[in-house]
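Residues per chain are reported as follows:
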Amino acid sequence: MEQKRTVVVVGGGITGLTTVYYLQKKARENNWLLDIKLVEASARLGGKIQTFRKDGFVIEKGPDSFLERKQSASRLAKEVGLEGELVNNSTGKSFVLVQERLYSMPGGSIMGIPTQIAPFVTTGLFSFPGKMRAAADFFLPRSNPAEDQSLGEFFRRRLGDEVVENLIEPLLSGIYAGDIDQMSLMSTFPQFYEVEQKYRSLVIGMKKTAPAPKKSTEPSKKKKGMFLTFKSGLQSFVEAIEAKLDPHSIIKGTKVENIQKQKEQYYVQLNNGEVLTADSVVLTVSHKVVPSIFPQYEFFKPFTSVPSTSVATVALVFPKEAVKKDINGTGFVVSRNSDYTITAVTWNHKKWPHTTPEGKVALRCYVGRAGDQTVVELSDDQIVKVVLEDLNKTMDITMEPEFFVVSRWKEAMPQYTVGHKKRLETIKRNLDRELPGVFLAGGSYEGLGIPDCIDQGEAAVEKVLNYLKMK
């Protein structure tokens, strides 16, 4: 008689939801006796994915989209019946703010790296000496093979300080809310290192490896954006996945206190006094939480020194006539060389027109980054005041917002600092040896974006089934 196996997934963000969804799907398809429990400390699932909906507005409190080319998110959307709800962003000019002035993002740049020479030669974003320094990339030798290095070190060597600080840093640190001179190249953008090693010149390599722009068969048709979201917001994705799960498998508002191993079983102690028994455990929680769940295992200690950055998003809604100086574009990022608190601004009504009723303006601003997080601790009114002061340096806003939504994310952005990959590999080796059947997945480990987290959830499913010999 087939023995019933049990799996406990700790954490109900998008990684945990993905893990449970695909485990339950596999169990149904194969008639396996597999009992799966999802334990989430908060009263809701979805983690940082939260959508505020009011009077026709769709405002994301956390992430606002995902890259279309990373197909795992679209695939899961199809699985849960939301394929028809997917919508691409509208394309338009984007800008970099440097010392009180907005500069158009140079055409043909990929994450700030040029693939077309003319836009970089003609832009006012860099001085003539800055451009000459960037041109040295064509002649510099490959860097010596390295296990890891910071993004800042790598890009400064190839393209110089000015290109890094005025373009690459605002773009890359914006993704991770991190310090480019501390962030790991091999854990964030190893492809840049691989391109440089193969082609010697980073610019030549990126030009050769960049996908050719698709030629539209309908010249009048507007170019599609590279990001996707759902018409009613990303939270609808979470809700659709949850609706497909066995409701008896979900435990909300309950925290995992600790996990004890006894022989080949794991005893998961919950803060309500209940103990779950598991053959396998998937931890999709933050790296900060893991050492407290397994305090008896020293090899998790390095997680306690991995930093996380606090950030906030501030969405402001105005009538159209409130903005006297309209800018033709979808948003801008801010160079650290500028005296601004905001790090980026999205003009939601232009980038995502479906999120904003006609006649209204919705601005979504970002604050908080590595080394500058105190703004996140301010009150809502104080944060809004600071953000409005910054906005009015580039835009002429003559009215108070009709309403605003401030969302704080305390220590929510894990920092993949130099050596991250090696630290993680060491922890995983110890995990395999001392806690077989326990697996790590989620934003703290191998990618922050929604598709990255879904990929990790799918990989965790394969690891669990291999461990339980249910393949």
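Numbering of residues begins from 1 in every chain and follows the order in which that chain's sequence is written. For a predicted model such as this one, the threshold for reporting local features is a pLDDT of at least 70, and the threshold for listing and counting side-chain atom pairs is 80 or more; totals across whole chains, interfaces and linings nevertheless cover every residue. Hydrogens are left out, water is left out, and the side-chain values use all remaining heavy atoms of the structure.

Regarding the nonpolar core
Then, number 1: In this text, buried Ala, Val, Leu, Ile, Met, Phe, Trp, Tyr and Cys residues form a nonpolar core when linked through side-chain atoms within 4.5 Å. Three labels apply to residues, based on accessible area from a 1.4 Å probe with only protein chains included: buried if under 20% of the type maximum, exposed if over 50%, partly exposed otherwise in between. Among the nonpolar cores identified, the biggest contains 42 residues, and Leu34 and Phe237 are the most heavily contacted of them.
Then, number 2: Of all the secondary structure elements, the ones that give two or more residues to this core are strand E1 (5-10), helix H1 (14-30), strand E2 (34-39), helix H2 (72-79), strand E11 (224-230), helix H10 (235-244) and helix H15 (450-467).
Then, number 3: By size, the runner-up hydrophobic cluster in this structure holds 33 residues, among which are Tyr176, Met183, Tyr193 and Leu202. In DSSP terms, a helix is any run of H or I states spanning at least four residues, a strand is any run of E spanning at least two, and both are numbered starting from the N terminus.

Side note on empty space enclosed by the protein
Then, number 1: Within this scheme a cavity is a closed region of a 1 Å grid, computed over the protein atoms alone, that accommodates a 1.4 Å probe without allowing it to escape, whereas a pocket is open but has protein on both sides within 12 Å along at least five of seven lines; lining residues each have an atom within 4 Å of a point. Grid points are joined across faces, edges and corners, and a volume is the space filled by probe spheres set on the points. According to the stated counting rule, one finds one cavity of 30 Å³ or more in the structure shown.
Then, number 2: The calculated volume of the largest cavity comes to roughly 80 Å³.
Then, number 3: Sorting the residues of the lining of the largest cavity by element identifies strand E4 (57-60) and E11 as the ones contributing at least two each.

Observations concerning the packing of aromatic side chains
Then, number 1: Two rings from Phe, Tyr or Trp (for Trp, the six-membered ring) form a pair when their centres sit within 6.5 Å of each other. Planes less than 30 degrees apart are called stacked, planes more than 60 degrees apart edge-to-face, and all others tilted. Applying the stated criterion across every chain yields a total of 20 aromatic pairs.
Then, number 2: Centre to centre, the rings of phenylalanine 155 and phenylalanine 192 are 5.4 Å apart; their planes meet at 70 degrees, and the pair counts as edge-to-face. Taken as a pair, phenylalanine 155 in helix H5 (residues 151-159) and phenylalanine 192 in helix H8 (residues 190-199) lie far apart in primary sequence, 37 residues in all.
Then, number 3: By relative accessible area, which is 0% here, phenylalanine 155 ends up buried.
Then, number 4: Residue classification places phenylalanine 192 among the buried positions, given a relative accessible area of 2%.
Then, number 5: On the basis of an interplanar angle of 40 degrees and a centroid distance of 4.4 Å, the ring pair of phenylalanine 299 and phenylalanine 300 is categorised as tilted. For the pair formed by phenylalanine 299 and phenylalanine 300, the shared burial category is buried.
Then, number 6: Site record: aromatic cluster; members linked through ring pairs are Phe154, Phe155, Tyr176, Phe189, Phe192 and Tyr416.
Then, number 7: The ring of tryptophan 347 carries the charged tip of lysine 350 above its face, separated from the ring centre by 5.9 Å.
Then, number 8: The ring of phenylalanine 227 is capped by lysine 351, whose NZ or CZ atom sits 5.3 Å from the centre of that ring. Should the NZ of a Lys or the CZ of an Arg lie within 6 Å of a ring centre and within 35 degrees of the ring normal, that charge is described as sitting over the ring.

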